[in-house]
Amino acid sequence: AQNGAIFLDEIGTMRMDLQIRLLRVLQEKQIERIGSNQFINLDVRIIAATNENLSAKVQDKKFRADLYHRLNVFHIHLPTLKERKEDIPLLVGYFIKKYAKQYGKKEPVLSVAAVRKLEGLSFPGNVRELENIIEKTIILSDKNNLSPEDLMTSESDFSPLKSDKTASLPQMEAQLIVDALKENKGSLKKASQKLGITYKTLQYRIKKFGIDKRSFK
């Protein structure tokens with residue numbers, strides 16, 4: 001990152017011993033590589049992000065106050081998706097293009113009512129939750145125009161398949177995974193055993209179909 005920028009995501013979860021090391025680097029603006037006795041002067045912009053209240057963690061002695069003040073030179077507050085509903089149509093359009101291309105499908109059009117439904121959600125998972133909804137919808141729907149009922153907003157939106165003749169292979173596969181996760185309360189180990197596939201294969205397919213495994217616990 002020399003002469004550039006480095007982004008430290010989820011800085012609030014950094015271990016205390018690593019916080020000390022990072023603070024030393026920020027103060028001295030130098031690093032020493034492992035196995036070397038030469039110091040390298042740094043010219044790097046540090047950008048850190050967190051979804052936690054760092055000032056509260058400082059009070060609870062779970063985050064170093066000196067590191068907090070060293071990082072908090074310019075503070076930018078990014079509102080949650082719930083606080084900026086006007087961004088939802090733009091984000092939806094972006095995610096539709098992204099996943100339609102990824103899965104080789106024609107880009108569907110969301111009805112006004114479908115967009116209104118999304119705008120009415122609380123989105124505790126923020127933008128990632130919206131992205132998850134759109135990806136699941138693209139995977140499981142072959143419609144050109146999407147209504148509110150077509151949106152995969154939770155695990156309950158995976159409705160039972162009527163028959164093998166009315167469902168595509170990806171739909172059937174996704175449904176089997178969802179059923180196994182429901183039956184085993186989100187346990188990937190038990191679900192993979194039930195499905196007769198390896199743990200890693202199940203992880204890959206969960207990611208492929210955009211299934212939120214946390215919602216089955």
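Each remark here, short or long, concerns the structure printed above.
All values derive from a computational prediction rather than experimental measurement.

Student: Help me out: how do you make sense of the overall build of the chain in this one?
Tutor: Along its length, the chain carries 9 helices and 6 strands. Here the C-alpha atoms of the chain give a radius of gyration of 23 Å, more than 25% beyond the 17 Å that 2.2 N^0.38 yields for 217 residues. Seen along its three principal axes, the alpha-carbon backbone of the chain occupies a region of about 70 × 40 × 35 Å. Counting only residues that meet the buried cut, the chain has 30% of its 217 residues in that class. For the chain, the share of sequence-separated contacts (at least 6 apart) that also reach a separation of at least 24 residues comes to 65%.

Student: Looking at this structure, I do not really get the nonpolar core. What am I missing?
Tutor: Side chains of nonpolar character tend, in soluble globular proteins, to be buried together. Residues Ile 88, Val 92, Leu 110, Leu 118, Phe 123, Leu 130 and Ile 134 are the most contacted members of the largest nonpolar core, which totals 18 residues. Those elements giving two or more residues to this core turn out to be helix H4 (88–102), helix H5 (112–119) and helix H6 (126–140). The element best represented in this core is H4, accounting for 6 residues. Apart from residues no more than four positions distant in its own chain, Leu 130 is found in contact with Leu 81, Ile 88, Leu 91, Val 92, Phe 95, Leu 118 and Phe 123. In terms of nonpolar packing, the next biggest core, distinct from the first, is built from 15 residues, Ile 139, Leu 140, Ala 180 and Leu 181 among them.

Student: Could you clarify how one ought to interpret the packing of aromatic side chains in this entry?
Tutor: The geometry of an aromatic ring pair comes down to the distance between the two centres and the angle between the two planes. Following the criterion strictly, the structure yields 2 aromatic pairs and no others. Both rings, one in Tyr 99 and one in Tyr 103, keep their centres 6.3 Å apart while their planes meet at 20°; by these two values the pair is stacked. Relative accessible area serves as the criterion here: at 23%, Tyr 103 is assigned to the partly exposed category.

Student: Where do I start with the side chain of Arg 84 in this structure?
Tutor: Tracing the backbone shows Arg 84 in the loop between helix H3 (65–71) and H4. Polar side-chain contacts of Arg 84 include one of 2.8 Å to the backbone oxygen of Pro 79. Beyond its immediate chain neighbours, meaning those up to four positions away, Arg 84 contacts Leu 78, Pro 79, Asn 126 and Val 127.

Student: Where do I start with unusual backbone geometry in this structure?
Tutor: One can expect most non-glycine residues to show negative phi and most peptide bonds to be in trans. A positive phi is found at Lys 61, a non-glycine position, where the angle reads about 60°. With respect to the helices and strands, the residue Lys 61 is situated in the loop between helix H2 (54–59) and H3. You will see that Phe 123, though not glycine, has its phi angle at about 50°, which is positive. With respect to the secondary-structure elements, Phe 123 resides in the loop between H5 and H6. You can call Phe 123 buried: its relative accessible area is 4%.

Reading guide: rules and limits
Residues numbered from 1 in each chain as written. Predicted model: local features only at pLDDT ≥ 70, side-chain atom pairs only at ≥ 80, totals over all residues. Heavy atoms only, no water. Helix = DSSP H or I, 4+ residues; strand = E, 2+ residues; numbered from the N terminus. Rg over C-alpha atoms; globule rule 2.2 N^0.38 Å. Buried < 20%, exposed > 50% of the residue type's maximum accessible area, 1.4 Å probe, protein only. Contact = heavy atoms within 4.5 Å. Core = buried A, V, L, I, M, F, W, Y, C linked by side-chain atoms within 4.5 Å. Phe/Tyr/Trp six-rings, centres within 6.5 Å; stacked < 30°, edge-to-face > 60°. Polar contact = N/O pair within 3.5 Å; in protein donor to acceptor, adjacent residues only side chain to side chain.

No statement about biological role is implied by the geometric values presented.
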